[in-house]
Amino acid sequence: MESVASRYRKVAEHLADGVTLVAVTKTRSVEELKHLYECGHRIFGENRVQELLEKKPQLPNDVSWHLIGTLQTNKVKQVLPHVALIHSVDRLPLLECINKEAGKLGIKAHLLLQVHIASEETKHGFSEEELQELIKEHLSNRFPNVEVLGLMGMATFTEDQQQVRSEFKTLFQLYSQARLRYPSWCILSMGMSGDYQLAMEEGSNMIRVGSALFGPRS
């Protein structure tokens, strides 16, 4: 069976310049994460709050944890002190909740706005129209305890590469437009194990990769 180190080298070799790799740790053992840590990797993305809180104390303190899965408002207070970045801010009530809880903690929460670009209804995110409305506002005035760093999106799970490419192009265009108003935005998180090469070709500078690093989930 191919080792984590070998898989990591393969992915790292294909990273475009300026692209950050987030290792997706959902359902992976702490042992597997430690193998990746020993390769020099330090950015881990977890889908579930509970899993993140269980794994974090078992790994060294220099790991940067990202929350990449759906976040319920009742879990915001729990997770905020433990994450460097939340990728999945997909609706206004969640953004408001993060701003409120970050204020109570006296911290600035770093996050990405998740945009719904896929054809699947099961995927979450702001619609293009909702995003346009939101970024018309002065975000730092309305949400003083958060810092939006960019956008995140997931393409449709399909073999149709043209559809995936088209969805990534759409997100890149939205990101580029938004940066005219918010030039400090610096992250476009798109691309996973099956489509990260396409995502990088279409302008992604942060990819979220799990099975390409750890092998298929059992």
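About the thresholds
- Residues numbered from 1 in each chain as written.
- Predicted model: local features only at pLDDT ≥ 70, side-chain atom pairs only at ≥ 80, totals over all residues.
- Heavy atoms only, no water.
- Helix = DSSP H or I, 4+ residues; strand = E, 2+ residues; numbered from the N terminus.
- Buried < 20%, exposed > 50% of the residue type's maximum accessible area, 1.4 Å probe, protein only.
- Contact = heavy atoms within 4.5 Å.
- Expected span 1.5 Å × (residues − 1).
- Arc of directions from axis to C-beta.
- Core = buried A, V, L, I, M, F, W, Y, C linked by side-chain atoms within 4.5 Å.
- Salt bridge = Lys/Arg side-chain N within 4 Å of Asp/Glu carboxyl O.

A.B. asks: Whenever I open this one, the environment of L131 confuses me. Can you help?
C.D. replies: By the secondary structure assignment, L131 is in helix α6 (residues 128-136). In this structure L131 comes out as buried when scored by relative accessible area, which is 0%. Discounting chain neighbours no more than four positions away, the residues touching L131 are L113, V115, F126, L151 and L174.

A.B. asks: Looking at this structure, I do not really get helix α8 (residues 161-181). What am I missing?
C.D. replies: Each α-helix turn comprises 3.6 residues. Residues three or four places apart therefore point the same way. For α8, built from 21 residues, the straight-helix expectation of 30 Å at 1.5 Å per residue is met to within 8% by its first-to-last C-alpha distance of 31 Å. Among the residues making up α8, those that are buried are V164, E167, F168, L171, L174, Y175 and A178. Within α8, the buried residues cover an arc of 120 degrees as seen down the axis, which keeps them to one side. Of the residues in α8, the exposed ones pointing more than 90 degrees away from the buried face are Q162 and L180.

A.B. asks: Explain the nonpolar core here, please?
C.D. replies: Side chains of nonpolar character tend, in soluble globular proteins, to be buried together. I98, L113, L151 and W185 are the most contacted members of the largest nonpolar core, which has 61 residues in total. With residues up to four places along the chain from it excluded, the contact list for L151 reads L112, L113, V115, L131, L171, L174, Y175, W185, I187, L188 and S189. Of all hydrophobic cores here, the second largest spans seven residues; its members include L85, L112, M152 and I187.

A.B. asks: Quick question: what am I supposed to make of the pattern of salt bridges here?
C.D. replies: Two side chains with opposite charge may pair up if their charged atoms get near one another. The final tally for this structure, using the stated rule, is 13 salt bridges. Note that E133 is salt-bridged to K136, the shortest N-O span being 2.9 Å. Taken together, the positions of E133 and K136, both in helix α6 and three residues apart, correspond to about one turn of that helix. Taking relative accessible area as the criterion, K136 reaches 56% and is therefore assigned exposed. Note that E202 is salt-bridged to K169, the shortest N-O span being 3.2 Å. In this pair, E202 is assigned in the loop between α9 (196-201) and β8 (206-209) and K169 in helix α8, connecting sequence segments 33 residues apart. Here the salt bridges do not stand alone but share partners, grouping E46, R48, E51 and K55 into one network.

Everything listed here is a matter of geometry and, on its own, says nothing about what the molecule does.
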